[in-house]
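Coordinate analysis (summary)
One letter stands for each residue in the lines below.
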Amino acid sequence: IDRPKMHTFVQPDLATLQRRLETNPFAMWLGTQLTAASQDGVEFRCDWRDEFLGNVARGAVHGGILATLVDTAAIYAVIAAIGSMAATIDLRVDYHGMARRGAFKITGTPVRIGRTLSTAESRVFDCDNRLVASGRGTFIRLDEPITRS
């Protein structure tokens, strides 16, 4: 990954990133938990909730839930890589199939880290490790530290 030389980079640890995630009420309602993080990517777990269903008769998860999981993993891949907060400016999501009931595994990987804009990809897997959604986003670096005082 091509990284700009702007300042001394301090790799945020898993606990610091998880604490920041916990400041997001929607992420906490979803139940997302950061399980791994490095400059090369992140991994999340999200337990199934019946409230995720958009079509109860079919048992289909609402696309907005899957898009949120894609966005969260992709942006945290960028945050872990740049050591500061970021905001989504563009997001594309592809839906690949219906998820089976059970925990989701979500991965996020930086594609390119820039001085201001960065790109990352994300994949959402169901409890049977089947790819159910994927996407790519563009994120803008914010002048905001990961830790809040």
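A short tour of the structure in this document, coming up. Note that the structure is predicted; figures quoted are calculated from it, not measured.

So, how was this worked out
Residues numbered from 1 in each chain as written. Predicted model: local features only at pLDDT ≥ 70, side-chain atom pairs only at ≥ 80, totals over all residues. Heavy atoms only, no water. Salt bridge = Lys/Arg side-chain N within 4 Å of Asp/Glu carboxyl O. Buried < 20%, exposed > 50% of the residue type's maximum accessible area, 1.4 Å probe, protein only. Helix = DSSP H or I, 4+ residues; strand = E, 2+ residues; numbered from the N terminus. Pairing = 2+ DSSP bridges. Axes fitted to C-alpha atoms, helices over the stretch in contact; angles between N-to-C directions. Contact = heavy atoms within 4.5 Å. Phe/Tyr/Trp six-rings, centres within 6.5 Å; stacked < 30°, edge-to-face > 60°. Lys NZ or Arg CZ within 6 Å of the ring centre and 35° of its normal. Core = buried A, V, L, I, M, F, W, Y, C linked by side-chain atoms within 4.5 Å.

This part is about the pattern of salt bridges. Considering all chains together, one arrives at 8 salt bridges under this definition. A salt bridge links D47 to R45; the nearest nitrogen and oxygen atoms lie 2.7 Å apart. Residue classification places D47 among the partly exposed positions, given a relative accessible area of 33%. Salt-bridge contacts for D128 lead to R100; the nearest nitrogen and oxygen are separated by 2.8 Å. With D128 in the loop between strand 7 (117-125) and strand 8 (131-141) and R100 in the loop between strand 5 (86-95) and strand 6 (104-113), the pair connects residues that are 28 residues apart, well separated along the chain. Classification of R100 by relative accessible area gives partly exposed; the value is 44%.

The next thing to look at is unusual backbone geometry. Positive phi values are uncommon outside glycine, yet N129 reaches one of about 65°. As for its position among the elements, N129 is in the loop between strand 7 and strand 8.

Here we have 6 strands laid out as an open sheet, ordered 1-2-6-7-8-5, and antiparallel in their pairing. Of all strands in the sheet, those with a lone pairing partner are strand 1 (32-38) and strand 5, marking the two edges. Going from strand to strand, the sheet's axes swing by 20° on average, the running direction of each strand aside. Direction of pairing for strand 5 relative to strand 8: antiparallel, over a ladder of 9 bridges. In the sheet register, A86 faces strand 8, and the bridge partner there is R141. Running at roughly 145° to strand 1, helix 1 (residues 14-21) makes contact with strand 1 and strand 2 (41-46) of the sheet. Those strands touched by helix 3 (residues 63-82) are strand 1, strand 2, strand 5, strand 6, strand 7 and strand 8, and its axis lies near 135° from that of strand 5.

This next bit is on the packing of aromatic side chains. Applying the stated criterion to the full structure yields 5 aromatic pairs. Between F44 and Y76, the aromatic rings sit 5.9 Å apart at their centres with planes inclined by 80°, giving edge-to-face as the arrangement. Placement of F44 in strand 2 and of Y76 in helix 3 is noted, with a sequence separation of 32 residues between them. You'll find F44 and Y76 in the same group, each marked buried. Judged by centre distance (6.4 Å) and plane angle (40°), the rings of F52 and F104 are tilted. Of this pair, F52 sits in the loop between strand 2 and strand 3 (53-55) while F104 is found in strand 6, placing the two residues 52 residues apart along the sequence. The buried category is assigned to F104, whose relative accessible area is 1%. Taken together, F26, W29, W48, F52 and F104 form an aromatic cluster joined through their ring pairs. The ring centre of W29 lies 4.2 Å from the NZ or CZ of R49, which sits over that ring.

For the rest of this paragraph, the subject is the nonpolar core. Membership of the largest hydrophobic core comes to 40 residues, with the highest contact counts inside it found for F104 and V124. The biggest single contributor to this core is helix 3, with 15 residues. The contact partners of V124, leaving out residues within four places of it in the chain, are L66, L69, V70, F104, K105, I106, R130, L131, V132 and A133.

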